[in-house]
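Summary of the model geometry
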Amino acid sequence: MSLRLATFNIENLLSRFDFSGFRNQLKQDRVLRLFDVKTEAEYQRLEEARTIAHTDDTRQMSALAIADCDADILCLQEADNMASLQAFEYNYLFRMVGNGYRQKYLIEGNDSRGIDVAVLMREETRDGQPIECLEVKSHAGLTYEDLDLFNDQIAHTNRPADRIFKRDCLELDLRIGGRPLTLYVVHFKSMGPAREGLDGRQATMPLRVAEASAVRHIIESRFGRGHTADKMFAICGDLNDYQEKVNILGDRRTGYQFVPHEEETSSLDVFTHDGFAENPMLRRPVMDRWTLFHSRGPQERHLCQLDYIWLSPALAKRNAHQVPEVIRGGQPFRTIFPPELEVERYPRTGWDRPKASDHCPVAITLDV
């Protein structure tokens, strides 16, 4: 019995306008900064027109990327609310590509911008097995002191009573053709700006370590510590961290070099420690595991995996022959592909935008 599972950071699936850029240029879209906008009312009209025009192309590409996933269950990150999710599903996934999802789950989480994790599910798998959702549980309310995860590093930015998850850990208890499967859908703390001599990744690392530790605690509390290896679970989402990356050297004129690099530490070590969970992306070649192109100018460019489907040991063993698929057709043309890995982009894709997302969807077919 097979199940097609996917995860995708769709990026800012919003149903509202953001007018904060009028007073804060750091939040202002780059095209509006080219014009002398004198009043807030004028700015709002321009922002509305820009957002609407840009969004349709973007969401068409997002829908094409999701259609290429062909998933029975799709885990999403950065969905504004249920209304925006329903509007996107009906008008783009269903009406545009004829591939909708009847079951939708979203619980408002902790993100200050209102972007949440969500799950879309079909009523049955492609081979006709029913997909049943028995329970959906949010863990957004967990605090550092609840799980004894507060430490000196976290104290720089948080208090003991603050919530661990910057968005949520959404737990879904499922039954696929009568067989159990538990999903944990997450979106970890993003890498912020450099602070106190540390780069953005290292400065925010303690927060992601706490989030990963909390996910592991939730799973071990559910199944019993030391008794999780034979259970059927998967951890899906944008974890905003990596254990390896591919550094990109050179330029368009002289050519590029791609240099693999393994990180000494990562928040994801919480999952790989003692074989708690397996990242099946490691079954792909080292140059072909990335889901995001990161660039802060020519001195800082790399490809890395931020988007994951972690499998429990039992689920990984049962699907040892399955290799995840990475859908990259929605990447903008500025993304630098290693040799022989370039893909055909979706129509109307731009240098930087429109695009499906900076993130690539990841999908895998599983025997459950």
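Right above here is the structure, for reference.
Quick summary incoming for the structure in this document. All values derive from a computational prediction rather than experimental measurement.

For the structure shown, the criterion picks out 12 aromatic pairs. For the ring pair phenylalanine 17 and phenylalanine 19, a centre distance of 5.9 Å and an interplane angle of 20° mean the geometry is stacked. Note on phenylalanine 17: relative accessible area 35%, which makes it partly exposed. Taking 5.8 Å as the distance between ring centres and 25° as the angle between the ring planes, the aromatic pair formed by phenylalanine 88 and tyrosine 92 counts as stacked. On the criterion of helical spacing, the pair formed by phenylalanine 88 and tyrosine 92 is a turn pair, its members being four residues apart in helix 2 (residues 82-97). Judged by relative accessible area, which is 17%, tyrosine 92 ranks as buried. Clustering of aromatic rings is evident, with ring pairs tying together Tyr184, Phe223, Phe233, Phe271, Phe276, Tyr308 and Trp310. The ring of tryptophan 290 has arginine 328 lying over it, and the distance from NZ or CZ to the ring centre is 4.1 Å.

Secondary-structure assignment places threonine 228 in the loop between helix 3 (200-223) and strand 8 (233-238). For the pair threonine 228 and phenylalanine 276, spaced 48 residues apart in sequence, the C-alpha separation works out to 7.6 Å. Non-local contacts of threonine 228, meaning those with residues more than four positions away in its chain, are made with Ile219, Glu220, Phe223, Phe233 and Phe276.

Here we take up a nonpolar patch on the surface. Taken together, the side chains of Val31, Leu34 and Phe35 define a hydrophobic patch exposed on the protein surface, amounting to about 330 Å² of accessible area. Looking at the element boundaries, phenylalanine 35 is found in the loop between strand 1 (2-13) and helix 1 (40-69). Given a relative accessible area of 57%, phenylalanine 35 falls into the exposed group.

On to the sheet that holds strand 1, then. Taking strand neighbours across the sheet as the criterion, the six strands line up as 3-4-2-1-15-14 in an open arrangement whose pairing is mixed. The outermost strands of the open sheet, each flanked by one partner alone, are strand 3 (103-106) and strand 14 (325-326). As paired elements, strand 1 and strand 15 (residues 362-367) share six bridges and run antiparallel to each other. Its bridge partner lying in strand 15, leucine 5 is registered against isoleucine 364. Along the sheet face, helix 1 touches strand 1, strand 2 (73-79), strand 14 and strand 15 and points at about 165° away from the line of strand 1.

Definitions and limits used
- For every chain, the first residue of the written sequence is number 1, and numbering continues from 1 along that sequence.
- In keeping with the predicted nature of the model, local features appear solely for residues at pLDDT of at least 70, side-chain atom pairs appear and are counted solely at 80 or more, and the whole-chain, interface and lining totals rest on all residues.
- Side-chain descriptors were evaluated using all non-hydrogen atoms of the structure, hydrogens and water having been removed beforehand.
- Aromatic rings from Phe, Tyr and Trp, taking only the six-membered ring of Trp, are treated as a pair when their centres fall within 6.5 Å; an angle between ring planes under 30 degrees marks them as stacked, one over 60 as edge-to-face, and anything in between as tilted.
- Each residue gets one of three labels from its accessible area relative to the maximum for its type: buried under 20%, exposed over 50%, partly exposed in between, using a 1.4 Å probe on protein chains only.
- Per the convention used, a helix needs a DSSP run of H or I reaching at least four residues, while a strand needs a run of E reaching at least two, with both numbered from the N terminus.
- Here, over-ring charges are defined by two tests on the NZ atom of lysine or the CZ atom of arginine: distance to the ring centre within 6 Å, and angle to the ring normal within 35 degrees.
- Pairs of residues are marked as contacts when any of their non-hydrogen atoms sit within 4.5 Å.
- Patch definition: residues with relative accessible area over 30% and no salt bridge; like charges joined within 9 Å; nonpolar side chains (Val, Leu, Ile, Met, Phe, Trp, Tyr) joined within 5 Å.
- Residue-level accessible areas treat just the shown protein chains as cover; the underlying method is Shrake-Rupley with a 1.4 Å probe.
- By definition, a salt bridge exists where a carboxyl oxygen of Asp or Glu is found within 4 Å of a side-chain nitrogen of Lys or Arg.
- A strand pair is defined by DSSP finding two or more bridges across the two strands.
- Between N-to-C directions, angles cover 0 to 180 degrees, with each direction set by a line fitted to C-alpha atoms, over the stretch in contact for helices.

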